Amino acid sequence: MKKIIAMALAGLMIVPQVFAAPKAKKISKKTPIGVSMPTKDLQRWNQDGANMKAQLEKAGYKVDLQYANNDIATQTSQIENMISKGNKILVIASIDGSALKSVLDQGKRKGVKVIAYDRLIMNSDAVSYYATFDNWKVGTIQGNFLVDKLNLKTRTASDPAYIELFTGSPDDNNINFFFGGAMDVLKPYIDSGVLVVPSGQTSKAQCATLNWSTEEAQKRMENLISSQGYGPRGKKLDAVYSSNDSVAMGITNALVAAGYTAADFPIVTGQDCDKPNVKNMLKGTQAMSIFKDTRTLAEKVVGMVDAMMQGKEPEINDVKTYDNGTGIIPSYLCDPVFATTANYKKLLIDSGYYNASDLQ
């Protein structure tokens with residue numbers, strides 16, 4: 001018993017040290033802040049980078065913003081250049097969360113601090129903080145939306161709903177949360193036979209979409225339509241779970257080509273409220289999309305940067321969820337909400353996120 005108590009006390013003595021950071025020195029505002037984004041080709045990242053740059057510059061910082069064209073070698077090279085130019089704080093949305101360890105090790109030796117932006121950088125102890133949305137909640141919101149729209153709580157196995165499942169890129173740690181959260185909600189209904197996946201493809205690996213590619217999602221949906229016989233006059237398909245909008249776009253393209261119209265379109269979920277997808281919502285070919293206001297996330301990151309530049313600890317609200325393989329990364333999680341045709345105007349237009357003309 002004494003041994004157990006001693007071990008418990010030792011554990012209590014160790015825990016506070018896990019999140020303690022060494023006292024940092026102030027950094028001159030003349031020192032550029034490096035911001036590395038995956039690509040300009042997707043609206044989401046283009047907008048994130050622009051928001052980050054605008055808010056950091058408004059706060060008085062110089063910003064070195066780079067887009068990597070979804071190429072890992074390019075992102076690595078750009079980060080190396082940022083480090084060599086003397087950037088002391090880097091904000092990085094990684095293309096592959098496991099590919100940056102070597103270059104970040106170089107930065108750590110030079111005193112560079114890293115904020116992982118939206119995608120957690122894995123297996124690197126150079127990561128100081130993580131800023132993202134509550135990604136498990138993203139998945140549970142999507143899952144619960146499907147539960148409600150498919151009336152799963154009142155259905156029985158004799159009258160099931162039929163669904164196929166899509167998530168994102170296997171090299172993006174976020175899919176563990178998006179897909180995990182959604183399946184946490186949906187799996188009990190699958191297990192009871194109330195929700196049926198005719199293809200049998202329910203594992204994360206089977207449902208993954210490399211690079212979150214619209215084209216890859218479209219190919220897989222086309223294959224499912226062909227192999228399963230889905231169609232307005234064919235086999236019933238009530239819904240398609242999609243973790244994000246670029247994947248949802250490929251799914252929608254395939255379903256439209258198969259003859260589905262707004263009158264009989266399966267329920268398709270999404271995330272990011274990309275303009276083309278919001279337009280699809282208005283046309284009746286996508287049911288919902290998670291809204292992650294990148295202005296909010298950029299604002300939190302600017303606050304983090306500002307605190308770090310002053311040698312202070314930034315605001316965080318999660319110290320238990322995100323382990324990148326080297327330990328828990330102190331994080332700030334923003335709250336996601338979802339948009340439908342019922343509330344998109346308030347969320348997206350009245351808030352100034354988009355102009356009404358953007359969605360025409």
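So, a few notes on the structure that sits alongside this text. (Residues numbered from 1 in each chain as written. Predicted model: local features only at pLDDT ≥ 70, side-chain atom pairs only at ≥ 80, totals over all residues. Heavy atoms only, no water.)

**Some thoughts on the nonpolar core**
Put simply, the rule reads: What is meant by a nonpolar core is a set of buried Ala, Val, Leu, Ile, Met, Phe, Trp, Tyr and Cys residues, joined one to another through side-chain atoms within 4.5 Å. For every residue, the accessible area obtained with a 1.4 Å probe (protein chains only) is divided by the maximum for its type, and the residue is called buried under 20%, exposed over 50%, and partly exposed between those limits. Secondary structure elements are taken from DSSP: a helix is a run of H or I of four residues or more, a strand is a run of E of two residues or more, and numbering for both begins at the N terminus.
Ranked by size, the top nonpolar core spans 45 residues in total, and within it Leu165, Leu195, Met221 and Leu255 carry the most contacts. Elements represented by at least two residues in this core include exactly helix H5 (135-149), strand E6 (161-166), helix H6 (175-192), helix H8 (214-228), strand E8 (239-242), helix H9 (245-257) and strand E9 (267-268). When residues of this core are assigned to their parent elements, the largest contribution, 9 residues, is made by H6. Tyr67, Val91, Val302 and Tyr332 belong to the second largest nonpolar core, which has 27 residues in total.

**Some remarks on the pattern of salt bridges**
Put simply, the rule reads: Whenever a carboxyl oxygen of Asp or Glu lies within 4 Å of a side-chain nitrogen of Lys or Arg, that contact is scored as a salt bridge.
Per the counting criterion, the structure on display carries 17 salt bridges. Across the pair Lys137 and Asp335 runs a salt bridge whose closest N-O atoms are separated by 3.3 Å. With Lys137 in helix H5 and Asp335 in the loop between strand E11 (331-334) and strand E12 (337-339), the pair connects residues that are 198 residues apart, well separated along the chain. Assessed through its relative accessible area of 54%, Asp335 is described here as exposed. The residue Asp350 makes a salt bridge to Lys345 at a minimum N-O spacing of 3.2 Å. The exposure class assigned to Asp350 is exposed, which follows from its relative accessible area of 51%. One network of salt bridges, with partners in common, ties together Arg44, Asp48, Asp118, Asp272 and Lys292.

**Considering the environment of Ile163**
Put simply, the rule is: The contact definition used throughout considers only heavy atoms, calling two residues in contact when any of these lie within 4.5 Å.
Its location among the elements puts Ile163 in strand E6. Filtering out sequence-adjacent residues up to four positions away, Ile163 remains in contact with Leu146, Leu195, Val196, Val197, Pro198, Leu237, Ala239, Val240 and Tyr241.

**Side note on the sheet that holds strand E3 (residues 89-92)**
What counts, and what does not: Following DSSP output, two strands are said to pair if at least two bridges run between them. In this description, a line fitted to the C-alpha atoms serves as the axis of each element, helices being fitted only across the stretch in contact, and the angle between N-to-C directions of two axes falls anywhere from 0 to 180 degrees.
Across the sheet, which stays open at both edges, the 6 strands sit in the order E2-E1-E3-E4-E5-E11 with parallel pairing between neighbours. Of all the strands in the sheet, the pair left with one neighbour each is strand E2 (63-67) and E11. Averaged over all neighbouring strand pairs, the angle between strand axes comes to 15 degrees, with direction disregarded. Pairing of strand E4 (residues 113-117) with strand E5 (residues 127-133) involves 4 bridges; the strand directions are parallel. Counterpart to Ala116 in the pairing with E5 is Tyr130.

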